[in-house]
Amino acid sequence: MAEFDRNEVSELFIRWRAATDRRDLDEMYEMLAEDAIGGNCKSGTFKGRDAIIQWSQENWPEFLPNRSIWHVIDDSRVVNKWYETLPGEPSAGHDYSYEGISEFIYGGSGKWNFMYGIPDFWGLERALKEWEKDGNMEKYSHLFNKGAPSPKE
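Quick summary incoming for the structure in this document. Keep in mind the model is a prediction, meaning the values are calculated, not measured. (Residues numbered from 1 in each chain as written. Predicted model: local features only at pLDDT ≥ 70, side-chain atom pairs only at ≥ 80, totals over all residues. Heavy atoms only, no water.)

1. Quick notes on the packing of aromatic side chains
Following the criterion strictly, the structure yields nine aromatic pairs and no others. When the centroid spacing of 5.4 Å and the interplanar angle of 65 degrees are considered together, the rings of Trp16 and Phe104 count as edge-to-face. Of this pair, Trp16 sits in helix 1 (residues 6-22) while Phe104 sits in strand 5 (residues 97-108), placing them 88 residues apart in sequence. Considered together, Trp16 and Phe104 belong to a single accessibility category, that of buried residues. With a centroid separation of 6.1 Å and 80 degrees between ring planes, the pair formed by Trp82 and Tyr98 is classed as edge-to-face. Taken as a pair, Trp82 in strand 4 (residues 77-85) and Tyr98 in strand 5 lie far apart in primary sequence, 16 residues in all. The pair formed by Trp82 and Tyr98 is uniform in burial state, with each residue classed as buried. Chaining the aromatic ring pairs together yields one cluster made of Phe4, Phe13, Trp16, Phe104, Tyr106 and Trp112. (Phe/Tyr/Trp six-rings, centres within 6.5 Å; stacked < 30°, edge-to-face > 60°. Helix = DSSP H or I, 4+ residues; strand = E, 2+ residues; numbered from the N terminus. Buried < 20%, exposed > 50% of the residue type's maximum accessible area, 1.4 Å probe, protein only.)

So, in structure tokens, the structure goes:
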């Protein structure tokens, strides 16, 4: 793995987090190298920015805005612990949040060469059950339709 200036890696991660917080997929896509590899433990990996874009557009709910809890930078690698919250107002005793970890590897020129997510699928399953029980499935079903429009549209 090539070594890069820590500030360069940190600056890209800060930009990535800001784009994630805004749910600006176009900006996030611009931070991927043409030959980047991306994916998660559920879907496997995809090679090339175009394949990653197609996968993300077909799996909208997997890209709900998440918030960083902590991250570690080691040479060109960033490991980020995050949490996501499904939309809607939970009823008493319910929680629509779950956590995960993502790994990013910097490839130079302000681009990620690799990104891979590992969501807590048990936490997600619990959150989805509570979310559906509270009547949110119908209200937010458009988020789970393949090719759902982005909030910017």
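2. Some thoughts on the sheet that holds strand 6 (residues 111-119)
Spatial ordering of the open sheet is given by 2-1-6-5-4-3, a layout of six strands whose pairing is mixed. This sheet does not close on itself; its edge strands, each paired only once, are strand 2 (44-47) and strand 3 (66-74). Here the average twist between neighbouring strands, direction ignored, is 15 degrees. Of the strand pairs in this sheet, strand 4 and strand 5 are connected by nine bridges, and their pairing is antiparallel. Opposite Tyr83, over in strand 5, you have Glu99 as the bridge partner. The sheet contacts of helix 4 (residues 121-133) involve strand 5 and strand 6, and relative to strand 5 the element is tilted by about 135 degrees. (Pairing = 2+ DSSP bridges. Axes fitted to C-alpha atoms, helices over the stretch in contact; angles between N-to-C directions. Contact = heavy atoms within 4.5 Å.)

3. Focus on the nonpolar core
Across soluble globular proteins, nonpolar side chains show a tendency to be buried alongside one another. Grouped together as the largest cluster of nonpolar side chains are 21 residues, with contacts concentrated most on Trp16, Leu32, Val78, Phe104 and Trp112. For this core, the secondary structure elements donating two or more residues are helix 1, helix 2 (25-30), strand 1 (32-40), helix 3 (49-58), strand 5 and strand 6. Contact partners of Phe104, with chain neighbours within four places excluded, come to Phe13, Trp16, Ser76, Arg77, Val78, Asn80, Trp112, Phe114 and Met115. Core analysis: the next-biggest nonpolar cluster, separate from the first, contains eight residues, Trp82, Leu86, Ala127 and Trp131 among them. (Core = buried A, V, L, I, M, F, W, Y, C linked by side-chain atoms within 4.5 Å.)

4. Comments concerning helix 4
When the terminal C-alpha atoms of helix 4 are compared, their 18 Å separation across 13 residues agrees well with the 18 Å that a helix rising 1.5 Å per residue should span. Those residues of helix 4 not exposed but buried are Gly123, Leu124, Ala127, Glu130 and Trp131. All buried residues of helix 4 fall inside an arc of 130 degrees around its axis, so they share one side. Residues of helix 4 that are exposed and point more than 90 degrees away from the buried face comprise Trp122, Lys129 and Lys133. Residues of helix 4 that are buried make contact with strand 5 and helix 5 (136-139). For helix 4, the N-terminal cap is Asp120; the gap from its side-chain oxygen to the backbone nitrogen of Trp122 is 3.1 Å. Just beyond helix 4, the residue with positive phi is Gly135, at close to 85 degrees. (Expected span 1.5 Å × (residues − 1). Arc of directions from axis to C-beta. Polar contact = N/O pair within 3.5 Å; in protein donor to acceptor, adjacent residues only side chain to side chain.)

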